[in-house]
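# Results of the structural survey
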Number of protein chains: 2
Amino acid sequence: VIKKISSIGEQGLLRLIKKWTPSTKRVLKGPGDDTAVCRVGRKNSLQLLTMDTMVENVDFKLKTTDPKLIGRKALAINLSDIAAMGGIPRVAVVSLTMKPNTTLQFVKRFHIGLKRIANHYGVAIAGGDLSGGKELSVTIALLGEAAHNRVVYREGAGVGHLIVVTGVLGGSILKHHLTFDPRVKEGQFLSSCGVSSMIDISDGLLQDLGHLIGNKQYSCELDFERIPVSKDAIRLARGNRRRALRHALSDGEDFELLFTVSPKKIHDITKLWKRRFKTKLSVIGRVTKLSMGLNRLAAKKGFQHF
Amino acid sequence: VIKKISSIGEQGLLRLIKKWTPSTKRVLKGPGDDTAVCRVGRKNSLQLLTMDTMVENVDFKLKTTDPKLIGRKALAINLSDIAAMGGIPRVAVVSLTMKPNTTLQFVKRFHIGLKRIANHYGVAIAGGDLSGGKELSVTIALLGEAAHNRVVYREGAGVGHLIVVTGVLGGSILKHHLTFDPRVKEGQFLSSCGVSSMIDISDGLLQDLGHLIGNKQYSCELDFERIPVSKDAIRLARGNRRRALRHALSDGEDFELLFTVSPKKIHDITKLWKRRFKTKLSVIGRVTKLSMGLNRLAAKKGFQHF
């Protein structure tokens, strides 16, 4: 028998969700009160707060996506934002808007995927909200704190700084956008190394590069030969190298870290990186003075919601 | 000319929203980076984190509601949750899911309403997310901190404790659900007085009373003569007192505070309350030992999303 959420009601569903997301030490009060109560941050520390929404048919197809991967991605995209600040993720609240005929099985699998990635990254699910609507949407707010009492912002790049990216790029639509590993430890490491600016690639390399250097009217040189093109980008481009590169430059949802760093630091970073992480690290370009065509190029590429 | 959000794109809209929600001192980084960066909480303090979603046609009618009131309510319902813990609201992030044909005018008025209530309660709008969807929905996550290093939970009531409610109840559908003042200062005051349990009435007095005393298998006696019935409840009931009382007992979205307190404290609380607040305070009943019919009654009344 396929059970619908309408058959057990909001309170019944809430009881199940409480069971699926037990409290942790950091959370003095989890789901079931007016707010979550938690302890985040040591003395004088900074809090990081981020929020992302996923909507059915925009961010995932309900019919063809395992609900576990929807729950996973809903938290992963927020983890990636905390990673891009060099922060430590701590506590999340989850708002789920569902059609009344949503199955209990869906909600359960969603929470299994959510809980698994939350556990892996040490995040407590501390509460949230349930609503009814015409389409499925999930919003997660994630509270974290600055590691090393230092935050890496989007601005901060200087002329001559190297442009570096983690992992491989492009073709995430095939699978990576649902299964990617947010670069949380990597972000904390890069923050401790004193990189000058950082962002996670969600809108596509070129557009997000525009966010890093666009505000200051800098430009950049990119070495297209050194852009790390993913196998999925090559697959999407059916082996055409030029098209594969275009995927790597413009596809959204890579969720790799893109950062700038002073050239004198890159040697040490690369050496330490290889000892700690298996993920690739590629120097792909350099920040330059003159504002050239990049900003307009970046503005035209990548994903826009409207 | 009526401008649609699709005409200026996501980045254009983000620039406008940044202008409408300027940063404050507590927020080191507002909208426009991967996460918001803020400083919430003194040494050893506890953070409160809450989240609420409003969906078009469920929580408001788009055609007949001033967008300012939608922005206002989206934050107000979260403020009410922080109030019910006795906390101080600090920083909010806002996720807005909109149809592509949403007007710029709508988004602007929404933010005017949001900003006005945020300013009034000292809350910084620090970021959020924009998405496209089939229906309008707003999710706000609000981060606060415990006042007096003390949090009032839903459990905590004891046998013999008085049941007390602020303001007047029922008929909120006429207007109050959009224009109510969250009882934030009142909640902080009650927390400092050592009330034993507290909740804000969002699902209706009886259902929320069930949340306060239901878990412990307590019951209660209510004095129906002392339930503070609102003028709107009487209006809805066309003057029929019994029907008006039913509205006061069961209507959702009063957003008044419902709390329990040891009888020996009520005299001082009432005296201090009158000096500080104009809002009414009504002792409406008493927590009793035996589990009677209340829980089942409460479960059947009030608003359910599914």
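Attention now goes to unusual backbone geometry. All names here are of chain B. The backbone phi angle of N57 is positive, close to 75°, even though this residue is not glycine. The phi torsion at E253 lies on the positive side, around 60°, for a residue other than glycine. The residue E253 is located in the loop between α8 (241-250) and β10 (257-261) in this model. Residue E253 is classed as partly exposed on the basis of its relative accessible area of 21%.

Here D34 of chain B shows up in the loop between β1 (27-29) and β2 (36-38). Considering only alpha carbons, one finds D34 of chain B and G127 of chain B, 93 residues apart in sequence, at a separation of 9.1 Å. When sequence neighbours within four positions are dropped, the list of residues in contact with D34 of chain B reads T50, D81, A84, M85, R154, M198, I199 and D200 of chain A. Here R154 of chain A takes part through its side chain, which lies 3.1 Å from a polar atom of the side chain of D34 of chain B.

Attention now goes to the pairing of strand β11 (residues 281-288) of chain B. Two faces make up the sheet, and in a regular strand the side chains alternate between them. Residues and elements named next belong to chain B. For strand β7 (residues 162-166) and β11, the ladder comprises 5 bridges, and the chain directions are antiparallel. Bridge assignment links I163 to a residue of β11, and that residue is G285. Pairing analysis gives 4 bridges linking strand β9 (residues 219-222) to β11, with the strands arranged antiparallel. Bridging from a neighbouring strand, L222 pairs with G285 of β11.

The next point concerns the confidence of the model for chain A. Where the model shows low pLDDT, its predicted coordinates should not be examined in detail. Residue and element names in this part refer to chain A. In this model, chain A carries an average pLDDT of 89, and 91% of its residues clear a pLDDT of 70 or more. pLDDT under 50 marks residues 294-306. Its contacts with residues more than four places away, or in other chains, come to 41 contacts. Taken over the whole predicted complex, pTM reads 0.90, whereas the ipTM for its chain interfaces reads 0.89.

Next up on the list: the sheet that holds β7 of chain B. All names here are of chain B. Pairing is antiparallel across the open sheet formed by 5 strands, whose spatial order is β8-β10-β7-β11-β9. Bordering the open sheet on either side are β8 (197-200) and β9, each of which pairs with just one other strand. Between one strand axis and the next, the sheet turns through 25° on average, direction left out of account. Both β7 and β10 contribute to a ladder of 4 bridges, which runs antiparallel. Along β10, the bridge assignment pairs L162 with V261. Where helix α9 (residues 266-276) meets the sheet, its contacts fall on β7, β10 and β11, and the angle it forms with β11 comes to roughly 160°.

Here the focus is the side chain of D254 of chain B. Residues and elements named next belong to chain B. Residue placement: D254 occurs in the loop between α8 and β10. Buried within the structure, D254 lacks any salt-bridge partner; its nearest side chain of opposite charge belongs to R183, at an N-O separation of 9.4 Å. Here the side chain of D254 touches G170 through a polar contact of 2.9 Å, landing on its backbone nitrogen. Residues in contact with D254, not counting those within four places in the same chain, are V168, L169, G170, S172, H176, F180, I201 and A248.

Here the distance between the centres and the angle between the planes together describe a pair of aromatic rings. Inspection of the entire model under this criterion finds 10 aromatic pairs over all chains. Here W273 of chain B and F277 of chain B contribute two aromatic rings whose centre-to-centre distance is 4.6 Å and whose plane-to-plane angle is 55°, an arrangement assigned as tilted. The exposure class assigned to F277 of chain B is buried, which follows from its relative accessible area of 16%. Through successive ring pairs, a cluster of aromatic residues spans F189, W273 and F277 of chain A.

Attention shifts here to the sheet that holds strand β4 (residues 87-98) of chain A. One open sheet accounts for 6 strands, arranged β5(A)-β4(A)-β6(A)-β3(A)-β2(B)-β1(B); its pairing is mixed. With partners counted over all chains shown, the strands left at the sheet margins are β5 (124-132) of chain A together with β1 of chain B, one partner each. Strand-to-strand twist across the sheet, computed as the mean angle between neighbouring axes with direction ignored, equals 25°. Bridge count for β1 of chain B against β2 of chain B is 2 bridges, and the pairing is antiparallel. Residue V27 of chain B lies in a different strand from β2 of chain B, and its bridge partner there is C38 of chain B. Docked against the sheet, helix α2 (residues 67-83) of chain A engages β3 (47-55), β4 and β6 (137-146) of chain A, running at close to 145° with respect to β3 of chain A.

Parameters and conventions
Residues numbered from 1 in each chain as written. Chains lettered and ligands numbered in written order. Predicted model: local features only at pLDDT ≥ 70, side-chain atom pairs only at ≥ 80, totals over all residues. Heavy atoms only, no water. Helix = DSSP H or I, 4+ residues; strand = E, 2+ residues; numbered from the N terminus. Buried < 20%, exposed > 50% of the residue type's maximum accessible area, 1.4 Å probe, protein only. Contact = heavy atoms within 4.5 Å. Polar contact = N/O pair within 3.5 Å; in protein donor to acceptor, adjacent residues only side chain to side chain. Pairing = 2+ DSSP bridges. pLDDT = per-residue confidence, 0-100. Axes fitted to C-alpha atoms, helices over the stretch in contact; angles between N-to-C directions. Lys, Arg positive; Asp, Glu negative; His and termini not counted. Salt bridge = Lys/Arg side-chain N within 4 Å of Asp/Glu carboxyl O. Phe/Tyr/Trp six-rings, centres within 6.5 Å; stacked < 30°, edge-to-face > 60°.

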